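Now for the letters of each chain:
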Amino acid sequence: MTALLDVHVPSKRFGDRRVLDNFSLTLEAGEIVSLVGASGCGKSTLLRIVAGLDREHDGTVTLKGQPQHGVSRDIGVIFQEPRLLPWLTVAQNVGFDADAARARDPHVFTLLEEVGLSQVADALPKALSGGMAQRVAIARGLFNRPPLLLLDEPFSAVDAFTRIRLQELLLAIAREHDTTLLLVTHDVDEAAWLSDRVIVMGGGRVLDEVTITEQRPRSRRSPALTEARNRILEILEGAHVL
Amino acid sequence: MNTAARTSSLQATVSSARPAVPAGRAGRPHPALGWVLPVLTLLAFEALVRSGLLAAHLFPAPSEIVRTLFDLGSGLASHIGVSLARVAGGFAIGASLAVIAAVVVGLDRRAEALLDPTFQALRAVPSLAWVPLLLLWLGIDETPKITLIAIGAFFPVYLNLLSGLRNVDRKLVELGEVYGLSRTALVRRILLPASLPSLYTGLRVGLSLAWMFLVAAELIAATRGLGYLLTDGRETSRPDIVLAAILLLAVLGKLSDSVLKSLEKRALVWRDALETRLG
């Protein structure tokens, strides 16, 4: 069986600075994997390479056995900020890829129902709270039913309670849509609670990997998660990142 | 856990989100407030002329100006019609060309290097400087007048839209890249809508300049129009006609701007800015 995603980047530089150094990553279908590490460790750059937004590298990105050269409908992207287009309604934002004509697509409404926003389908983004806007962005990311969803610190701009709710929503949706998630985060707790695997990065390389076997639904206070979190922090401390 | 069950708890948060429109403080000021200053000025003027403090042959009373407007009768309607048509035509041509030029220059650094310095130099030319050239090249009929007005409307629209395009949030452009938008689709679906506030600013400044350039065009070589009335009033020593024409220019300029302003308000309801918050 081939992996869903295979990434190999021998080297990626910004000027004299090497941001990725012999980096490899393989994702199986249905996995939830987090990349954690300090700012500048190359995790967001890696996400941009997988998304096809950064093509200036000497590596390869293979999705379902097919080499990728640029952006793909099979890869959804959710950014740190919702990035909703303020002049479009919530429904039009979700169905953005189908152009305005298909914004009345029943699929849009199904997605909005899943993120609990069907009643604001015709509202403009300015009427939404930060958490609601990020839910619209999640629905938009799922519009093309991508097998792989990339998330770049998606919940770092919302308050702690909203973050927990959004994490639960994301998990439920990933399970329902059978979507594989690759998540970049600063938040070690978030990584431990959400992921099957946490890849700890430092200096553009994989420092180590922590597999989390705890069954779902997970309790945030479970000893296994605490242990995983401590292990992640240990790795970061060991590499003098913390 | 299934997603539908999750959403019920999420729906509760929707009602606690901030409202679309915050409650105003003391409500909107009455629209009639704008009339106070002009009406008081006219009344004061009337009183000064009638009391003899101002010479009536140089400063006709507002009532006199109104009488002049009636005396001009159907001729006046034709003057207004001609001027309106010139402004509309010149503005439409100038603004359309400006939108095309701004998009071309805004998206292509080479086009910018090629065209922008020339545009900046031409912008510095005063409106009246064009008049002799346009008369020589285009004769004395409608073409030079509409061309002059188009020149006047072009630059504000060009400059504002260009700056709007350049200031579009890079993150929204990147969103377009994620969806693999072509260059045209990026312009149509992201860059132009995002620059709409700047475009409207440019259109409103452009329209007011179109009226200014109209007068420049009609002061010379015109037999009809409000600018012609100004010249006619001066040549026949009729300050009442001059003031009537100025009054009409003020009213028409204000009315046309109001039309544009209401279009702007409708097109930009999505803006989350002080303007929309003030209502």
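Residues numbered from 1 in each chain as written. Chains lettered and ligands numbered in written order. Predicted model: local features only at pLDDT ≥ 70, side-chain atom pairs only at ≥ 80, totals over all residues. Heavy atoms only, no water.

The name that an unreviewed UniProt entry assigns to chain B is Aliphatic sulfonates transport permease protein ssuC, with the source organism given as Methyloversatilis universalis. The record in UniProt for chain B states the following under Subcellular location (unreviewed entry): "Cell membrane". In the Sequence similarities (unreviewed entry) part of its UniProt record, chain B is described as follows: "Belongs to the binding-protein-dependent transport system permease family." (UniProt positions renumbered as here; feature names shortened; annotations may be inferred.)

As a further point, take the overall build of chain B. Scanning chain B from terminus to terminus reveals 11 helices and 0 strands. The order of helices and strands in chain B, counted from the N terminus, is α-α-α-α-α-α-α-α-α-α-α. Burial analysis of chain B (279 residues in total) assigns 39% to the buried set. For chain B, long-range pairs separated by at least 24 residues make up 72% of all intrachain contacts whose partners lie at least 6 apart in sequence. Total accessible area on chain B stands at roughly 15700 Å², and carbon and sulfur atoms take up 67% of it. (Helix = DSSP H or I, 4+ residues; strand = E, 2+ residues; numbered from the N terminus. Buried < 20%, exposed > 50% of the residue type's maximum accessible area, 1.4 Å probe, protein only. Contact = heavy atoms within 4.5 Å. Areas by Shrake-Rupley, 256 points an atom, 1.4 Å probe, with all protein chains shown as cover.)

Let us now look at the overall build of chain A. Helices and strands together make up the secondary structure of chain A, namely 7 helices and 10 strands. Whereas a compact globule of 242 residues would reach a radius of gyration of roughly 18 Å, chain A reaches 18 Å, a difference of no more than 12%. Dimensions of chain A, computed from C-alpha atoms along their principal axes, come out at roughly 50 × 40 × 35 Å. In chain A, of all internal contacts separated by at least 6 residues, the share reaching a separation of at least 24 is 67%. Here chain A displays about 10200 Å² of accessible surface, and carbon together with sulfur accounts for 48% of that area. Side chains of chain A carry 27 positive and 32 negative charges; the gap between the two charge centres is 3 Å. (Rg over C-alpha atoms; globule rule 2.2 N^0.38 Å. Lys, Arg positive; Asp, Glu negative; His and termini not counted. Charge placed at Lys NZ, Arg CZ, Asp CG, Glu CD.)

Take the packing of helix α3 (residues 62-107) of chain B against helix α9 (residues 226-235) of chain B next. Residue and element names in this part refer to chain B. The interhelical angle for the contact between α3 and α9, taken along N-to-C directions, is 130°, at an axis separation of 8 Å. As judged from the angle between their axes, α3 and α9 are oblique. Contacts between α3 and α9 involve L72, L76, H79, I80 and S83 from the former and L226, Y228 and L229 from the latter. A breakdown of the residues in the contact of α3 with α9 according to their chemical character gives 6 nonpolar, 2 polar and no charged. (Axes fitted to C-alpha atoms, helices over the stretch in contact; angles between N-to-C directions. Parallel < 35°, antiparallel > 145°, perpendicular 65-115°, else oblique. Nonpolar A, V, L, I, M, F, W, Y, C, P; charged D, E, K, R; others polar.)

Before going further, it helps to examine the sheet that holds strand β2 (residues 17-27) of chain A. Each strand in a sheet pairs with another by means of backbone hydrogen bonds, the pair being arranged parallel or else antiparallel. All names here are of chain A. Within the open sheet, the 4 strands sit side by side as β2-β1-β4-β5. Their pairing is antiparallel. Lying at the two open borders of the sheet, with one neighbouring strand each, are β2 and β5 (66-67). Bridge count for strand β1 (residues 5-14) against strand β4 (residues 60-63) is 4 bridges, and the pairing is antiparallel. Residue pairing across strands places H8 opposite T60, the latter belonging to β4. Against the sheet, helix α1 (residues 43-51) touches β1, β2 and β4, its axis set at about 120° to β1. (Pairing = 2+ DSSP bridges.)

Bringing the packing of aromatic side chains into the picture now. Aromatic ring pairs: the centre-centre distance and the angle between the two ring planes describe each pair. Taken as a whole, this structure holds 7 aromatic pairs over all chains when the rule is applied. Their ring planes at 70° and their centres at 4.8 Å tell us that B:F119 and B:Y158 sit as a pair that is edge-to-face. You can see B:F119 sitting in helix α4 (residues 109-123) and its partner B:Y158 sitting in helix α6 (residues 142-166), a full 39 residues away along the chain. You can call B:F119 buried: its relative accessible area is 16%. An aromatic cluster is defined as three or more aromatic residues linked by ring pairs; in this entry it consists of B:F119, B:F154, B:F155 and B:Y158. The ring of A:F79 has A:R83 lying over it, and the distance from NZ or CZ to the ring centre is 3.6 Å. Above the ring of A:F96, the side-chain terminus of B:R189 is found at 3.9 Å from the ring centroid. (Phe/Tyr/Trp six-rings, centres within 6.5 Å; stacked < 30°, edge-to-face > 60°. Lys NZ or Arg CZ within 6 Å of the ring centre and 35° of its normal.)

Glancing now at the sheet that holds strand β3 (residues 32-36) of chain A. Residues and elements named next belong to chain A. Judged by pairing direction, the sheet is mixed, and its 6 strands sit side by side in the order β6-β7-β8-β3-β9-β10 without closing on themselves. Only two strands of the sheet have a single neighbouring strand rather than two, namely β6 (75-78) and β10 (205-211). Taken pair by pair, the neighbouring strands of this sheet meet at an average axis angle of 20°, ignoring direction. Looking at chain direction, β3 and strand β9 (residues 197-202) are connected through 4 bridges and run parallel. Note that in β9 the partner of V33 across the bridge is R197. Its contacts with the sheet put α1 on β3, β6, β7 (148-152), β8 (180-185) and β9, and the angle it makes with β7 is roughly 150°.

Our next topic: the pairing of β6(A). For a regular strand, side-chain orientation follows a simple rule: the groups alternate between the two sheet faces. Residues and elements named next belong to chain A. The two faces of β6 match: I75 and V77 on one face and G76 and I78 on the other face are all buried. Direction of pairing for β6 relative to β7: parallel, over a ladder of 4 bridges. Each bridged residue has a counterpart across the sheet, and for I75 the counterpart in β7 is L148.

Bringing the domain arrangement of chain A into the picture now. Accessible area lost when the parts come together is the quantity often used to give the size of an interface. Residue and element names in this part refer to chain A. What the domain assignment lists for chain A is domain 1 (1-74 + 146-153 + 168-213 + 232-242) and domain 2 (81-145). Computed from C-alpha coordinates alone, the two centres of domain 1 and domain 2 are separated by 26 Å. Taken together, the contact pairs 9 residues of domain 1 with 10 residues of domain 2. When domain 1 packs against domain 2, the two sides together hide about 950 Å² of surface, and 65% of this comes from carbon and sulfur. The interface formed by domain 1 and domain 2 holds 1 salt bridge in total. As a salt-bridge pair, R73 and D97 come within 2.8 Å of each other at their nearest N and O atoms. Ranked by residues supplied to the side of domain 1 that touches domain 2, first place goes to helix α5 (residues 160-177) with 4 residues. Among the residues making up the side of domain 1 that touches domain 2, the classes are represented as 5 nonpolar, 2 polar and 2 charged. (Domains from an automatic or database assignment. Buried area = accessible area lost by both parts, 1.4 Å probe. Salt bridge = Lys/Arg side-chain N within 4 Å of Asp/Glu carboxyl O.)

Attention shifts here to empty space enclosed by the protein. Residues and elements named next belong to chain B. One pass over the full model with this rule turns up 1 cavity of 30 Å³ or more. Approximately 80 Å³ is the volume found for the largest cavity. For the largest cavity, the full set of lining residues is V131, L134, L135, P144, K145, L148, A217, I220 and A221. Breaking the lining of the largest cavity down by element, the ones donating at least two residues are α5 (127-138) and α6. By residue class, the composition of the lining of the largest cavity is 8 nonpolar, no polar and 1 charged. (1 Å grid on protein atoms, 1.4 Å probe; cavity = no way out; pocket = protein on both sides within 12 Å on 5 of 7 lines; lining within 4 Å. Points joined across faces, edges and corners; volume = space filled by probe spheres on them.)

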